[in-house]
Amino acid sequence: MSLPPCPLCASEYTYEMGELIVCPECAHEWSPSEAAEQADAALIRDVNGNVLSDGDDVVIAKDLPVKGAGGGTIKVGTKVKGIRLQQGVGDHDIDATVPGFGRMQLKSSVVKKA
Ligand SMILES: [Zn+2]
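These figures come from a predicted structure and were not determined experimentally.

Draft legend 1. Main features of the coordination of the zinc ion. At 2.2 to 2.4 Å from the zinc ion lie its protein donor atoms, namely Cys6 (SG), Cys9 (SG), Cys23 (SG) and Cys26 (SG). Relative to the metal, the four donor atoms surrounding the zinc ion lie at angles of 104 to 117°, and the coordination shape comes out tetrahedral. Sequence spacing of the donor residues for the zinc ion, all on one chain, is C-x2-C-x13-C-x2-C. Of this pair, Cys6 sits in the segment before β1 (15–17) while Cys23 is found in the loop between β2 (20–22) and β3 (29–30), placing the two residues 17 residues apart along the sequence.

Below, the structure is given as structure tokens:
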């Protein structure tokens, strides 16, 4: 089994020390299981828990009232093509162009993978 390189300095000379992996070059220590959990938590998932990716097509999972200019409601079942994921922006983590409404930010919790 090979160890991952150091996430800070990319050194390949990492070694295991108990539960931790240690980098001898920059003295960084980290827990591989925690790193995996963080990577997993950073994934953006749809209403069913499926992982979404850039460029995915999704379907709106419930009627969404639109505030602001024009208003209206994005109907459940509306297909949205080629979404862009946005990390670290809070709830509205999908940048998408919705037919009839234009470009907007959506919550991953209101879409499902098409
Ligand atoms: Zn390092």
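Draft legend 2. A look at the pattern of salt bridges. Under the counting rule described, the total for this entry stands at four salt bridges. Note that Arg45 and Asp40 form a salt bridge whose closest N and O atoms lie 2.9 Å from each other. By relative accessible area, which is 30% here, Arg45 ends up partly exposed. A relative accessible area of 41% means that Asp40 is categorised as partly exposed. The partner of Asp56 in a salt bridge is Lys113, and the shortest N-O contact between them spans 3.6 Å.

Reading the values: the criteria
- Residues numbered from 1 in each chain as written.
- Predicted model: local features only at pLDDT ≥ 70, side-chain atom pairs only at ≥ 80, totals over all residues.
- Heavy atoms only, no water.
- Donors = N, O, S within 2.8 Å, 3.2 Å for Na, K, Ca; no water.
- Tetrahedral: all angles 85-135°; square planar, octahedral: opposite > 155°, others 65-115°.
- Helix = DSSP H or I, 4+ residues; strand = E, 2+ residues; numbered from the N terminus.
- Salt bridge = Lys/Arg side-chain N within 4 Å of Asp/Glu carboxyl O.
- Buried < 20%, exposed > 50% of the residue type's maximum accessible area, 1.4 Å probe, protein only.

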